[in-house]
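Report on the structure
Each chain is listed here by its residues.
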Amino acid sequence: EPAAGGSADAVEVAIDESFDAFYPREFSGLTALAAATAGDRSMAEDLAQEALTRVHKRWATIGRYDKPGAWARRVTINLALSARQRRTVEWKARLRLRRTEPVVALPASSGRHGDVWAGVAELPGQQRAAIALHYLEDRSAAEIAEILDCSPSTAKVHLHRGRAALHERLGASHTTGGPS
């Protein structure tokens, strides 16, 4: 069963569902996805809220999609990747100005698998997103491909490369069961 209240079936929604029903069902899963993809839990709720605001603005169209949750996840991933990129640019600018502290320090994840999620936070964006979708929401390669707007084989490559990088960074004992 997927973590963080997400559901593999959450993306598959009855056509013309109300936004009032969609929002509470999707919010916690989008928040977890944003945290894993952006590498920053402190901004995850804001990113999920922004994604849902964009969904709401276009709900007349998106609400009729077979899988409006997939669209919401794509928006969440894009926002999270952009936020991470902005933090990196800001951090590099601060370094050039010879300031010693980064604008936003990436927090170490807490919990049993904090080191694994800290490793995930260091992966390239599409690998982070694929790992988060697979392990947080128990998504298949086909579902990940749909959300990331790529082919299923490309989604499998993102998962494989992400796992391989985690294996190299953390060792076999942490990556055999995947992050959770």
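In what follows, the structure referred to is the one given above.
A brief structural summary. (Residues numbered from 1 in each chain as written. Predicted model: local features only at pLDDT ≥ 70, side-chain atom pairs only at ≥ 80, totals over all residues. Heavy atoms only, no water.)

Brief notes about helix α8 (residues 152-170)
For α8, with 19 residues, the first-to-last C-alpha span of 27 Å sits near the 27 Å given by 1.5 Å per residue. Those residues of α8 that sit buried are A155, H158, L159, G162, A165 and L166. Each buried residue of α8 lies within a common arc of 135 degrees when the element is viewed along its axis, so the set occupies one face. Seen from the buried face of α8, the exposed residues on the opposite side, beyond 90 degrees, are K156, H160, R161 and E168. Just downstream of α8, G171 is the residue with a positive phi angle, here 95 degrees. (Helix = DSSP H or I, 4+ residues; strand = E, 2+ residues; numbered from the N terminus. Expected span 1.5 Å × (residues − 1). Buried < 20%, exposed > 50% of the residue type's maximum accessible area, 1.4 Å probe, protein only. Arc of directions from axis to C-beta.)

Points about the pattern of salt bridges
Under the definition given, this model contains eight salt bridges. Its salt-bridge partner being E146, residue K67 comes within 3.4 Å of it at the nearest N-O pair. A residue pair is termed long-range when its members are at least 10 positions apart, and K67 in the loop between α3 (59-62) and α4 (68-96) and E146 in helix α7 (residues 141-148) qualify at 79 residues. In this structure, the salt-bridge partner of E137 is R139, at a minimum N-O distance of 2.9 Å. The residues E137 and R139 share a single accessibility class, namely buried. Within the structure, one salt-bridge network assembled from shared partners comprises R25, E26, R73, E137, R139 and E143. (Salt bridge = Lys/Arg side-chain N within 4 Å of Asp/Glu carboxyl O.)

A word on the nonpolar core
The nonpolar side chains of soluble globular proteins are, as a tendency, buried together. The biggest cluster of nonpolar side chains holds 23 residues, and the ones touching the most others in it are I77, W117, I131, L133, I144 and L148. At the level of secondary structure, the elements contributing two or more residues to this core comprise α1 (19-38), α4, α5 (114-121), α6 (125-137), α7 and α8. When residues of this core are assigned to their parent elements, the largest contribution, seven residues, is made by α6. Residues in contact with L148, not counting those within four places in the same chain, are R74, I77, Q126, A129, A130, L133 and H158. Formed by 11 residues, the second largest nonpolar core is a distinct cluster that contains A38, M43, L47 and A51. (Core = buried A, V, L, I, M, F, W, Y, C linked by side-chain atoms within 4.5 Å. Contact = heavy atoms within 4.5 Å.)

Focus on the side chain of R73
Relative to the assigned elements, R73 resides in helix α4. Residue R73 is classed as buried on the basis of its relative accessible area, which comes to 1%. Within the structure, R73 has its side chain in polar contact with the side chain of E26 (distance 2.7 Å). (Polar contact = N/O pair within 3.5 Å; in protein donor to acceptor, adjacent residues only side chain to side chain.)

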